[in-house]
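Take a look at the letters that make up each chain.
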Amino acid sequence: METKKEFFLECYKLGIIKFGRFTLKSGIESPFYVDLRPLASDPKILKKLANYLLDMLPLDNFDLICGVPYAALPMATAMSLESYLPLIIKRKEAKQYGTKKMLEGIFTKGQNCLLVEDVITSGTSLLETIPEIENEGISVSDIVVVLDRQQGGKEILESKGFRVHTLFTISEVCEMLKEEGHLTDDEVERINDFLSGNVVRFEEEKRLSYEEKLEICDHTVAQKLLQIALEKKSNLIVSADVTTTKELLELAEKVGPHIVALKTHIDILLDFDADQTILPLKDLAQKYNFLIMEDRKFADIGNTQELQFAYGTYKISNWADLVTAQVIAGYESLDCFRNVGVVAIIGMSSHGNLTDQNYRDEATKIALSHPNVFGGVSQNKIPNELLLFTPGVNLAHTGDGKGQQYNTPEHAFTKLESDFIIVGRGIYKADDAEQSALTYKIAGWNAYEASL
Ligand code: S5P
(Lines give C-alpha, C1' and ligand atoms only; values in the text may rest on other atoms or scores of the structure.)
Protein backbone atom coordinates (compact mmCIF):
# COMPACT_ATOMS: atom_id res chain seq x y z
CA MET A 1 0.00 0.00 0.00
CA GLU A 2 1.22 3.43 -0.90
CA THR A 3 1.78 5.73 2.05
CA LYS A 4 0.47 9.27 2.23
CA LYS A 5 4.07 10.45 1.98
CA GLU A 6 4.67 8.46 -1.20
CA PHE A 7 1.51 9.94 -2.63
CA PHE A 8 2.62 13.45 -1.74
CA LEU A 9 6.01 12.95 -3.36
CA GLU A 10 4.26 11.87 -6.56
CA CYS A 11 2.21 15.07 -6.45
CA TYR A 12 5.32 17.13 -5.70
CA LYS A 13 6.91 15.91 -8.93
CA LEU A 14 4.18 17.72 -10.86
CA GLY A 15 5.61 21.03 -9.64
CA ILE A 16 2.85 21.98 -7.19
CA ILE A 17 5.16 23.65 -4.69
CA LYS A 18 8.10 25.86 -5.48
CA PHE A 19 10.61 27.19 -3.00
CA GLY A 20 12.51 30.45 -3.38
CA ARG A 21 11.31 34.00 -3.12
CA PHE A 22 7.80 34.93 -4.20
CA THR A 23 5.75 38.07 -3.86
CA LEU A 24 2.17 37.18 -2.93
CA LYS A 25 -0.94 39.11 -4.02
CA SER A 26 -0.83 40.88 -0.67
CA GLY A 27 2.70 42.14 -1.45
CA ILE A 28 4.18 39.90 1.25
CA GLU A 29 7.29 37.95 0.31
CA SER A 30 6.90 34.23 0.77
CA PRO A 31 9.60 31.53 0.74
CA PHE A 32 7.29 29.12 -1.09
CA TYR A 33 4.61 29.14 -3.72
CA VAL A 34 1.78 26.64 -4.03
CA ASP A 35 -0.30 25.90 -7.13
CA LEU A 36 -2.24 22.63 -7.09
CA ARG A 37 -3.74 23.00 -10.56
CA PRO A 38 -1.21 20.63 -12.16
CA LEU A 39 -2.76 17.77 -10.14
CA ALA A 40 -5.81 17.85 -12.40
CA SER A 41 -3.66 17.12 -15.44
CA ASP A 42 -2.63 13.70 -14.16
CA PRO A 43 -5.77 11.53 -14.11
CA LYS A 44 -4.26 8.79 -11.94
CA ILE A 45 -3.13 11.29 -9.32
CA LEU A 46 -6.41 13.18 -9.43
CA LYS A 47 -8.35 9.95 -8.86
CA LYS A 48 -6.11 8.95 -5.95
CA LEU A 49 -6.38 12.43 -4.49
CA ALA A 50 -10.18 12.21 -4.63
CA ASN A 51 -10.07 8.96 -2.65
CA TYR A 52 -7.62 10.30 -0.07
CA LEU A 53 -9.95 13.24 0.52
CA LEU A 54 -13.08 11.08 0.67
CA ASP A 55 -11.45 8.70 3.15
CA MET A 56 -11.18 11.50 5.72
CA LEU A 57 -14.87 12.39 5.62
CA PRO A 58 -18.17 11.34 7.23
CA LEU A 59 -19.77 10.89 3.80
CA ASP A 60 -23.24 10.11 5.10
CA ASN A 61 -23.51 13.74 6.21
CA PHE A 62 -23.57 15.12 2.68
CA ASP A 63 -26.17 15.39 -0.06
CA LEU A 64 -24.05 17.39 -2.47
CA ILE A 65 -20.46 18.27 -3.25
CA CYS A 66 -19.10 21.58 -4.59
CA GLY A 67 -15.61 22.88 -5.42
CA VAL A 68 -14.47 26.47 -4.86
CA PRO A 69 -13.67 27.79 -8.36
CA TYR A 70 -11.45 27.17 -10.21
CA ALA A 71 -8.66 24.97 -8.86
CA ALA A 72 -10.97 22.75 -6.78
CA LEU A 73 -13.49 22.14 -9.59
CA PRO A 74 -11.74 19.09 -11.06
CA MET A 75 -11.08 17.78 -7.53
CA ALA A 76 -14.76 18.02 -6.59
CA THR A 77 -15.71 16.39 -9.91
CA ALA A 78 -13.33 13.49 -9.31
CA MET A 79 -14.66 13.07 -5.75
CA SER A 80 -18.21 13.04 -7.08
CA LEU A 81 -17.33 10.31 -9.58
CA GLU A 82 -15.67 8.20 -6.87
CA SER A 83 -18.40 8.68 -4.23
CA TYR A 84 -21.57 9.25 -6.29
CA LEU A 85 -22.15 12.44 -4.31
CA PRO A 86 -23.99 14.74 -6.78
CA LEU A 87 -21.91 17.69 -7.95
CA ILE A 88 -23.10 21.26 -8.03
CA ILE A 89 -21.11 24.08 -9.62
CA LYS A 90 -20.54 27.42 -8.01
CA ARG A 91 -20.04 30.34 -10.41
CA LYS A 92 -17.38 32.96 -9.82
CA GLU A 93 -19.73 35.74 -10.93
CA ALA A 94 -23.52 35.63 -11.22
CA LYS A 95 -24.80 35.14 -14.76
CA GLN A 96 -25.53 38.49 -16.40
CA TYR A 97 -28.68 37.20 -18.12
CA GLY A 98 -31.39 34.59 -17.60
CA THR A 99 -31.63 33.19 -14.09
CA LYS A 100 -28.70 35.14 -12.53
CA LYS A 101 -28.01 31.99 -10.49
CA MET A 102 -24.78 31.53 -8.50
CA LEU A 103 -25.21 27.76 -8.27
CA GLU A 104 -25.69 25.42 -11.20
CA GLY A 105 -26.92 21.83 -11.11
CA ILE A 106 -29.71 19.99 -9.37
CA PHE A 107 -30.27 20.71 -5.71
CA THR A 108 -33.08 21.47 -3.29
CA LYS A 109 -33.27 23.73 -0.30
CA GLY A 110 -32.21 22.17 2.97
CA GLN A 111 -29.54 19.89 1.51
CA ASN A 112 -26.07 19.80 3.06
CA CYS A 113 -23.13 20.39 0.76
CA LEU A 114 -19.50 19.35 1.21
CA LEU A 115 -17.20 22.13 0.10
CA VAL A 116 -13.85 21.32 -1.54
CA GLU A 117 -10.92 23.76 -1.59
CA ASP A 118 -7.41 23.22 -2.94
CA VAL A 119 -5.40 25.49 -0.64
CA ILE A 120 -6.46 27.34 2.49
CA THR A 121 -4.42 30.37 3.54
CA SER A 122 -6.28 33.06 5.43
CA GLY A 123 -9.68 31.55 4.72
CA THR A 124 -11.02 34.70 3.00
CA SER A 125 -12.12 33.04 -0.22
CA LEU A 126 -14.04 30.35 1.70
CA LEU A 127 -15.65 32.96 3.90
CA GLU A 128 -16.85 34.70 0.74
CA THR A 129 -18.02 31.51 -0.96
CA ILE A 130 -19.97 29.93 1.90
CA PRO A 131 -22.67 32.68 2.21
CA GLU A 132 -23.23 32.54 -1.56
CA ILE A 133 -24.10 28.85 -1.20
CA GLU A 134 -26.11 29.35 1.94
CA ASN A 135 -28.13 32.07 0.16
CA GLU A 136 -29.52 29.34 -2.07
CA GLY A 137 -30.89 27.54 0.98
CA ILE A 138 -28.11 24.95 1.13
CA SER A 139 -26.16 24.35 4.32
CA VAL A 140 -22.41 23.89 4.64
CA SER A 141 -20.99 22.06 7.64
CA ASP A 142 -17.72 20.58 6.35
CA ILE A 143 -14.89 21.81 4.19
CA VAL A 144 -12.19 19.55 2.83
CA VAL A 145 -8.86 21.08 1.85
CA VAL A 146 -5.88 19.54 0.10
CA LEU A 147 -3.21 21.79 1.57
CA ASP A 148 -3.30 24.02 4.62
CA ARG A 149 -0.76 26.85 4.34
CA GLN A 150 -1.16 27.30 8.10
CA GLN A 151 -1.78 30.99 7.99
CA GLY A 152 -4.85 31.08 10.21
CA GLY A 153 -7.63 30.17 7.77
CA LYS A 154 -8.48 26.81 9.31
CA GLU A 155 -8.79 28.30 12.78
CA ILE A 156 -11.04 31.16 11.62
CA LEU A 157 -13.42 28.76 9.87
CA GLU A 158 -13.45 26.40 12.85
CA SER A 159 -14.23 29.32 15.15
CA LYS A 160 -17.31 29.95 13.00
CA GLY A 161 -18.45 26.37 13.51
CA PHE A 162 -17.24 24.69 10.31
CA ARG A 163 -15.38 21.37 10.36
CA VAL A 164 -12.22 21.71 8.31
CA HIS A 165 -10.52 18.50 7.10
CA THR A 166 -7.06 18.95 5.66
CA LEU A 167 -5.06 16.33 3.81
CA PHE A 168 -1.65 18.00 4.10
CA THR A 169 -0.22 20.91 6.05
CA ILE A 170 2.71 22.93 4.78
CA SER A 171 4.92 21.99 7.76
CA GLU A 172 4.20 18.31 7.21
CA VAL A 173 5.02 18.72 3.54
CA CYS A 174 8.29 20.54 4.31
CA GLU A 175 9.27 17.80 6.72
CA MET A 176 8.72 15.15 4.04
CA LEU A 177 10.69 17.16 1.50
CA LYS A 178 13.50 17.66 3.97
CA GLU A 179 13.67 13.92 4.64
CA GLU A 180 13.95 13.35 0.91
CA GLY A 181 16.73 15.93 0.57
CA HIS A 182 14.64 18.40 -1.44
CA LEU A 183 14.94 21.11 1.22
CA THR A 184 17.85 22.18 3.40
CA ASP A 185 17.62 22.87 7.13
CA ASP A 186 18.03 26.58 6.37
CA GLU A 187 15.11 26.58 3.99
CA VAL A 188 12.88 24.74 6.46
CA GLU A 189 13.86 27.23 9.13
CA ARG A 190 12.99 30.16 6.88
CA ILE A 191 9.63 28.59 6.04
CA ASN A 192 8.85 27.99 9.71
CA ASP A 193 9.85 31.56 10.42
CA PHE A 194 7.46 32.74 7.75
CA LEU A 195 4.66 30.53 9.10
CA SER A 196 5.08 31.92 12.58
CA GLY A 197 4.25 35.34 11.15
CA ASN A 198 7.70 36.83 10.83
CA VAL A 199 8.81 38.85 7.86
CA VAL A 200 11.49 36.71 6.26
CA ARG A 201 14.69 38.26 5.15
CA PHE A 202 16.11 36.84 1.97
CA GLU A 203 19.81 37.05 1.50
CA GLU A 204 20.41 39.37 -1.41
CA GLU A 205 22.57 37.77 -4.02
CA LYS A 206 25.49 40.11 -4.36
CA ARG A 207 26.72 41.20 -7.74
CA LEU A 208 30.28 40.14 -8.43
CA SER A 209 33.16 42.60 -8.26
CA TYR A 210 35.77 42.82 -11.04
CA GLU A 211 38.17 40.89 -8.80
CA GLU A 212 35.61 38.11 -8.41
CA LYS A 213 34.89 38.14 -12.13
CA LEU A 214 38.62 37.72 -12.79
CA GLU A 215 38.36 34.41 -10.93
CA ILE A 216 35.57 33.02 -13.05
CA CYS A 217 35.93 34.60 -16.53
CA ASP A 218 38.91 32.89 -18.09
CA HIS A 219 38.82 34.18 -21.69
CA THR A 220 42.03 36.18 -22.20
CA VAL A 221 40.15 39.23 -23.51
CA ALA A 222 37.81 39.18 -20.49
CA GLN A 223 40.85 39.02 -18.24
CA LYS A 224 42.46 41.98 -19.99
CA LEU A 225 39.32 44.12 -19.81
CA LEU A 226 38.87 43.38 -16.12
CA GLN A 227 42.50 44.16 -15.36
CA ILE A 228 42.28 47.46 -17.21
CA ALA A 229 39.05 48.29 -15.37
CA LEU A 230 40.79 47.76 -12.03
CA GLU A 231 43.93 49.65 -13.04
CA LYS A 232 42.09 52.66 -14.43
CA LYS A 233 39.10 52.50 -12.09
CA SER A 234 36.95 52.70 -15.19
CA ASN A 235 34.17 50.67 -16.72
CA LEU A 236 33.62 53.02 -19.60
CA ILE A 237 33.64 52.06 -23.26
CA VAL A 238 33.35 54.95 -25.66
CA SER A 239 31.48 54.32 -28.86
CA ALA A 240 33.38 56.22 -31.54
CA ASP A 241 30.60 56.56 -34.09
CA VAL A 242 32.40 59.21 -36.14
CA THR A 243 32.87 59.22 -39.88
CA THR A 244 36.45 60.30 -40.49
CA THR A 245 39.81 58.94 -39.41
CA LYS A 246 40.78 62.35 -38.06
CA GLU A 247 37.79 62.50 -35.75
CA LEU A 248 38.35 58.91 -34.67
CA LEU A 249 41.98 59.47 -33.73
CA GLU A 250 41.28 62.79 -32.05
CA LEU A 251 38.55 61.19 -29.98
CA ALA A 252 40.79 58.24 -29.06
CA GLU A 253 43.50 60.67 -27.97
CA LYS A 254 41.08 62.58 -25.73
CA VAL A 255 39.18 59.71 -24.14
CA GLY A 256 41.97 57.10 -24.21
CA PRO A 257 43.18 57.68 -20.62
CA HIS A 258 39.67 57.15 -19.22
CA ILE A 259 38.37 54.08 -21.03
CA VAL A 260 38.75 50.30 -21.00
CA ALA A 261 37.90 49.99 -24.68
CA LEU A 262 37.10 52.09 -27.71
CA LYS A 263 34.19 50.73 -29.71
CA THR A 264 34.26 51.26 -33.46
CA HIS A 265 31.85 50.90 -36.36
CA ILE A 266 34.70 50.76 -38.82
CA ASP A 267 32.42 50.66 -41.89
CA ILE A 268 31.07 54.18 -41.25
CA LEU A 269 34.46 55.78 -41.89
CA LEU A 270 34.55 57.71 -45.18
CA ASP A 271 38.33 57.44 -45.46
CA PHE A 272 39.30 54.08 -43.97
CA ASP A 273 42.84 53.12 -44.69
CA ALA A 274 44.61 50.35 -42.82
CA ASP A 275 47.86 52.32 -42.50
CA GLN A 276 46.31 55.72 -41.80
CA THR A 277 43.49 54.55 -39.57
CA ILE A 278 44.41 51.32 -37.87
CA LEU A 279 48.13 51.76 -37.21
CA PRO A 280 47.77 55.07 -35.33
CA LEU A 281 44.69 53.75 -33.54
CA LYS A 282 46.64 50.71 -32.38
CA ASP A 283 49.42 53.01 -31.14
CA LEU A 284 46.93 55.03 -29.11
CA ALA A 285 45.42 51.84 -27.71
CA GLN A 286 48.86 50.82 -26.53
CA LYS A 287 49.77 54.26 -25.25
CA TYR A 288 46.61 54.63 -23.18
CA ASN A 289 46.02 50.95 -22.41
CA PHE A 290 42.61 50.29 -23.94
CA LEU A 291 41.23 47.54 -26.18
CA ILE A 292 39.58 47.97 -29.56
CA MET A 293 36.07 46.61 -29.87
CA GLU A 294 34.63 46.43 -33.38
CA ASP A 295 30.85 46.56 -33.11
CA ARG A 296 30.29 44.64 -36.35
CA LYS A 297 27.26 42.67 -35.06
CA PHE A 298 27.94 39.78 -37.41
CA ALA A 299 24.67 38.03 -38.25
CA ASP A 300 25.26 35.46 -40.96
CA ILE A 301 26.20 31.82 -41.43
CA GLY A 302 29.63 30.80 -40.25
CA ASN A 303 31.26 30.77 -43.68
CA THR A 304 30.08 34.27 -44.58
CA GLN A 305 31.06 35.65 -41.19
CA GLU A 306 34.49 34.13 -41.57
CA LEU A 307 34.92 36.06 -44.84
CA GLN A 308 33.49 39.27 -43.36
CA PHE A 309 35.83 38.93 -40.39
CA ALA A 310 39.09 38.31 -42.22
CA TYR A 311 38.65 39.69 -45.76
CA GLY A 312 37.24 42.75 -47.52
CA THR A 313 38.28 46.33 -46.93
CA TYR A 314 38.54 46.20 -43.16
CA LYS A 315 40.19 42.88 -42.33
CA ILE A 316 38.79 43.10 -38.84
CA SER A 317 40.62 39.97 -37.69
CA ASN A 318 43.93 41.85 -38.11
CA TRP A 319 43.28 44.48 -35.50
CA ALA A 320 40.18 44.06 -33.32
CA ASP A 321 40.64 42.73 -29.80
CA LEU A 322 36.96 41.99 -29.46
CA VAL A 323 33.94 41.98 -31.76
CA THR A 324 30.20 41.92 -31.31
CA ALA A 325 28.19 39.19 -33.00
CA GLN A 326 24.57 38.23 -33.16
CA VAL A 327 23.97 34.61 -32.26
CA ILE A 328 20.95 34.28 -34.51
CA ALA A 329 22.75 31.91 -36.89
CA GLY A 330 23.49 29.44 -34.10
CA TYR A 331 26.39 28.09 -32.09
CA GLU A 332 28.67 27.04 -34.97
CA SER A 333 28.40 30.42 -36.68
CA LEU A 334 30.68 31.69 -33.88
CA ASP A 335 33.47 29.17 -34.47
CA CYS A 336 35.22 31.48 -36.98
CA PHE A 337 36.12 34.16 -34.43
CA ARG A 338 39.52 32.89 -33.45
CA ASN A 339 42.04 35.11 -31.66
CA VAL A 340 39.42 37.66 -30.60
CA GLY A 341 36.87 37.77 -27.85
CA VAL A 342 33.23 37.74 -28.87
CA VAL A 343 30.52 39.75 -27.15
CA ALA A 344 27.16 38.27 -28.10
CA ILE A 345 24.20 40.51 -28.76
CA ILE A 346 21.64 39.10 -26.35
CA GLY A 347 19.20 41.98 -25.99
CA MET A 348 19.01 45.34 -27.75
CA SER A 349 18.34 48.82 -26.45
CA SER A 350 16.12 50.15 -29.21
CA HIS A 351 12.37 50.54 -28.92
CA GLY A 352 10.36 47.69 -30.44
CA ASN A 353 13.33 45.35 -30.79
CA LEU A 354 12.59 41.64 -31.15
CA THR A 355 14.90 40.37 -28.43
CA ASP A 356 12.16 39.13 -26.12
CA GLN A 357 12.71 36.94 -23.08
CA ASN A 358 12.59 33.72 -25.08
CA TYR A 359 15.14 34.99 -27.62
CA ARG A 360 17.42 36.23 -24.86
CA ASP A 361 17.22 32.92 -23.01
CA GLU A 362 18.23 31.00 -26.13
CA ALA A 363 20.94 33.54 -27.02
CA THR A 364 22.31 33.30 -23.48
CA LYS A 365 22.59 29.52 -23.73
CA ILE A 366 24.74 29.88 -26.85
CA ALA A 367 26.82 32.66 -25.29
CA LEU A 368 27.45 30.60 -22.17
CA SER A 369 28.46 27.49 -24.02
CA HIS A 370 30.64 28.89 -26.82
CA PRO A 371 34.32 29.18 -25.87
CA ASN A 372 34.85 32.25 -28.09
CA VAL A 373 32.16 34.23 -26.29
CA PHE A 374 32.99 35.93 -23.00
CA GLY A 375 30.29 38.56 -22.75
CA GLY A 376 26.92 39.80 -23.85
CA VAL A 377 25.28 43.08 -24.79
CA SER A 378 21.94 43.36 -23.06
CA GLN A 379 19.46 45.54 -21.24
CA ASN A 380 18.76 42.71 -18.79
CA LYS A 381 20.81 40.76 -16.29
CA ILE A 382 22.85 37.90 -17.72
CA PRO A 383 24.62 35.07 -15.87
CA ASN A 384 27.73 35.90 -13.85
CA GLU A 385 29.94 33.78 -16.09
CA LEU A 386 29.54 36.41 -18.82
CA LEU A 387 30.59 40.04 -18.74
CA LEU A 388 27.65 42.37 -19.35
CA PHE A 389 28.02 45.32 -21.70
CA THR A 390 25.26 47.90 -21.59
CA PRO A 391 24.83 50.53 -24.33
CA GLY A 392 22.01 53.04 -24.33
CA VAL A 393 23.57 55.10 -21.55
CA ASN A 394 23.19 58.86 -21.47
CA LEU A 395 23.08 61.30 -18.58
CA ALA A 396 21.22 64.03 -20.46
CA HIS A 397 18.65 62.29 -22.68
CA THR A 398 16.08 59.47 -22.50
CA GLY A 399 16.01 58.85 -26.25
CA ASP A 400 17.32 60.08 -29.60
CA GLY A 401 14.09 60.28 -31.60
CA LYS A 402 15.25 57.33 -33.71
CA GLY A 403 14.30 54.50 -31.36
CA GLN A 404 17.31 54.52 -29.06
CA GLN A 405 16.36 54.31 -25.37
CA TYR A 406 18.71 55.65 -22.71
CA ASN A 407 19.26 54.79 -19.08
CA THR A 408 21.67 56.08 -16.46
CA PRO A 409 24.88 54.42 -15.23
CA GLU A 410 23.08 53.78 -11.89
CA HIS A 411 20.43 51.79 -13.72
CA ALA A 412 23.07 49.79 -15.59
CA PHE A 413 25.09 48.85 -12.51
CA THR A 414 22.40 48.51 -9.86
CA LYS A 415 19.46 47.10 -11.80
CA LEU A 416 21.30 45.15 -14.49
CA GLU A 417 24.50 44.40 -12.60
CA SER A 418 26.31 45.49 -15.69
CA ASP A 419 30.09 45.32 -15.98
CA PHE A 420 30.70 47.92 -18.68
CA ILE A 421 28.73 50.86 -20.00
CA ILE A 422 28.95 51.94 -23.63
CA VAL A 423 28.48 55.63 -24.31
CA GLY A 424 28.46 57.20 -27.77
CA ARG A 425 26.85 60.56 -28.40
CA GLY A 426 26.91 61.48 -24.71
CA ILE A 427 30.68 61.78 -25.17
CA TYR A 428 31.71 62.33 -28.79
CA LYS A 429 29.00 64.95 -29.36
CA ALA A 430 29.85 66.82 -26.16
CA ASP A 431 31.60 70.19 -26.45
CA ASP A 432 34.46 68.78 -24.44
CA ALA A 433 34.69 65.05 -25.15
CA GLU A 434 37.51 64.51 -22.68
CA GLN A 435 35.66 66.18 -19.84
CA SER A 436 32.51 64.27 -20.70
CA ALA A 437 34.40 60.95 -20.77
CA LEU A 438 35.73 61.76 -17.33
CA THR A 439 32.21 62.54 -16.09
CA TYR A 440 30.90 59.19 -17.39
CA LYS A 441 33.94 57.37 -16.07
CA ILE A 442 33.40 58.73 -12.57
CA ALA A 443 29.62 58.21 -12.72
CA GLY A 444 30.16 54.63 -13.93
CA TRP A 445 32.75 53.79 -11.31
CA ASN A 446 30.71 55.30 -8.47
CA ALA A 447 27.63 53.41 -9.64
CA TYR A 448 29.64 50.18 -9.79
CA GLU A 449 31.00 50.66 -6.27
CA ALA A 450 27.55 51.53 -4.97
CA SER A 451 26.15 48.35 -6.51
CA LEU A 452 28.59 46.06 -4.69
O1 S5P B 1 21.43 47.29 -28.20
C2 S5P B 1 22.35 47.98 -28.58
C3 S5P B 1 23.60 47.45 -28.93
C4 S5P B 1 24.62 48.29 -29.29
S5 S5P B 1 26.18 47.62 -29.52
N6 S5P B 1 22.21 49.34 -28.63
C7 S5P B 1 23.21 50.16 -29.00
O8 S5P B 1 23.01 51.37 -28.99
N9 S5P B 1 24.42 49.65 -29.40
C10 S5P B 1 25.51 50.51 -29.89
O11 S5P B 1 25.91 51.38 -28.86
C12 S5P B 1 25.10 51.40 -31.05
O13 S5P B 1 25.38 50.78 -32.30
C14 S5P B 1 25.96 52.63 -30.86
O15 S5P B 1 27.21 52.42 -31.46
C16 S5P B 1 26.17 52.70 -29.36
C17 S5P B 1 25.24 53.65 -28.65
O18 S5P B 1 25.48 54.97 -29.04
P19 S5P B 1 24.76 56.22 -28.37
O20 S5P B 1 25.22 57.38 -29.18
O21 S5P B 1 23.28 56.00 -28.47
O22 S5P B 1 25.26 56.27 -26.96
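Residues numbered from 1 in each chain as written. Predicted model: local features only at pLDDT ≥ 70, side-chain atom pairs only at ≥ 80, totals over all residues. Heavy atoms only, no water.

Per an unreviewed UniProt entry, the recorded name for the protein is Orotate phosphoribosyltransferase, and the organism is Kaistella chaponensis. UniProt lists a comment for the protein under the heading Cofactor (unreviewed entry), and it reads "Mg(2+)". (UniProt positions renumbered as here; feature names shortened; annotations may be inferred.)

(A) The site of the ligand, seen in detail. Taken together, 15 residues form the shell around the ligand, and within it Asp241, Lys263, Ser349, Tyr406 and Arg425 come nearest. Residue Gly424 places a main-chain N or O atom 2.9 Å away from an oxygen atom belonging to the ligand. For the ligand, whose free accessible area comes to 490 Å², the fraction covered by protein is 91%. (Near = heavy atom within 4 Å. Polar contact = N/O pair within 3.5 Å; in protein donor to acceptor, adjacent residues only side chain to side chain. Areas by Shrake-Rupley, 256 points an atom, 1.4 Å probe, with all protein chains shown as cover.)

(B) Seen up close, the sheet that holds strand β14 (residues 373–377). The eight strands lie next to each other as β9-β10-β11-β12-β13-β14-β15-β16, forming a closed barrel whose pairing is parallel. Geometrically, the sheet is characterised by an average inter-axis angle of 30° between neighbouring strands, direction not taken into account. Examined bridge by bridge, strand β13 (residues 341–345) and β14 share four bridges and lie parallel to one another. Paired with Ile345 across the two strands is Val377, which belongs to β14. Across the sheet, helix α9 (residues 220–232) touches β10 (261–264), β11 (291–298), β12 (322–326), β13, β14, β15 (387–390) and β16 (420–423), and the angle it forms with β11 is around 130°. (Pairing = 2+ DSSP bridges. Helix = DSSP H or I, 4+ residues; strand = E, 2+ residues; numbered from the N terminus. Axes fitted to C-alpha atoms, helices over the stretch in contact; angles between N-to-C directions. Contact = heavy atoms within 4.5 Å.)

(C) Structural context of the packing of aromatic side chains. The final tally for this structure, using the stated rule, is 16 aromatic pairs. Relative to Tyr33, the ring of Phe22 lies with its centre 5.6 Å away and its plane at 35°, an arrangement referred to as tilted. Residue Phe22 is found in strand β1 (residues 17–23), and its partner Tyr33 is found in strand β2 (residues 29–34); the two are separated by eleven residues along the sequence. Measuring from ring centre to ring centre gives 6.1 Å for Phe298 and Phe309, while their planes differ by 90°; the resulting arrangement is edge-to-face. Of this pair, Phe298 sits in strand β11 while Phe309 is found in helix α12 (residues 302–310), placing the two residues eleven residues apart along the sequence. This pair shows no difference in class: Phe298 is buried, exactly as Phe309 is. An aromatic cluster of at least three residues, connected via ring pairs, comprises Tyr210, Phe374, Phe389, Phe413, Phe420, Trp445 and Tyr448. Looking at Arg296, its charged tip hangs above the ring of Phe298, at a distance of 5.0 Å from the centre. (Phe/Tyr/Trp six-rings, centres within 6.5 Å; stacked < 30°, edge-to-face > 60°. Buried < 20%, exposed > 50% of the residue type's maximum accessible area, 1.4 Å probe, protein only. Lys NZ or Arg CZ within 6 Å of the ring centre and 35° of its normal.)

(D) A look at the layout of surface pockets. Its boundaries defined by the atoms lining it, the largest pocket holds a volume of some 1200 Å³. Elements represented by at least two residues in the lining of the largest pocket include exactly β2, β6 (112–120) and α4 (124–134). Looking at the lining of the largest pocket, its residues break down into 15 nonpolar, eleven polar and twelve charged. Lining of the second largest pocket is provided by 27 residues; of these, Asp241, Lys263, His265, Gln404 and Arg425 occupy positions nearest its centre. Among the secondary structure elements, those contributing two or more residues to the lining of the second largest pocket are β11, β16 and α15 (425–428). Sorting elements by how many residues they give to the lining of the second largest pocket places α15 first, with three residues. (1 Å grid on protein atoms, 1.4 Å probe; cavity = no way out; pocket = protein on both sides within 12 Å on 5 of 7 lines; lining within 4 Å. Points joined across faces, edges and corners; volume = space filled by probe spheres on them. Nonpolar A, V, L, I, M, F, W, Y, C, P; charged D, E, K, R; others polar.)

(E) Quick peek at the sheet that holds strand β7 (residues 139–148). The strand order β5-β4-β3-β6-β7-β8 describes an open sheet built from six strands, whose pairing is mixed. In this open sheet, the two edge strands, each paired with only one partner strand, are β5 (103–104) and β8 (163–169). As judged from the four bridges shared by strand β3 (residues 64–67) and β6, these two strands associate in the parallel manner. Residue pairing for β6: Cys66 is matched across the bridge by Leu115. Most of the contacts of helix α2 (residues 43–55) go to β7, to which it runs at about 125°, and overall it touches β7 and β8. Helix-sheet contacts for α4 involve β3, β4 (87–90), β5, β6 and β7, and the interaxial angle to β6 is about 160°.

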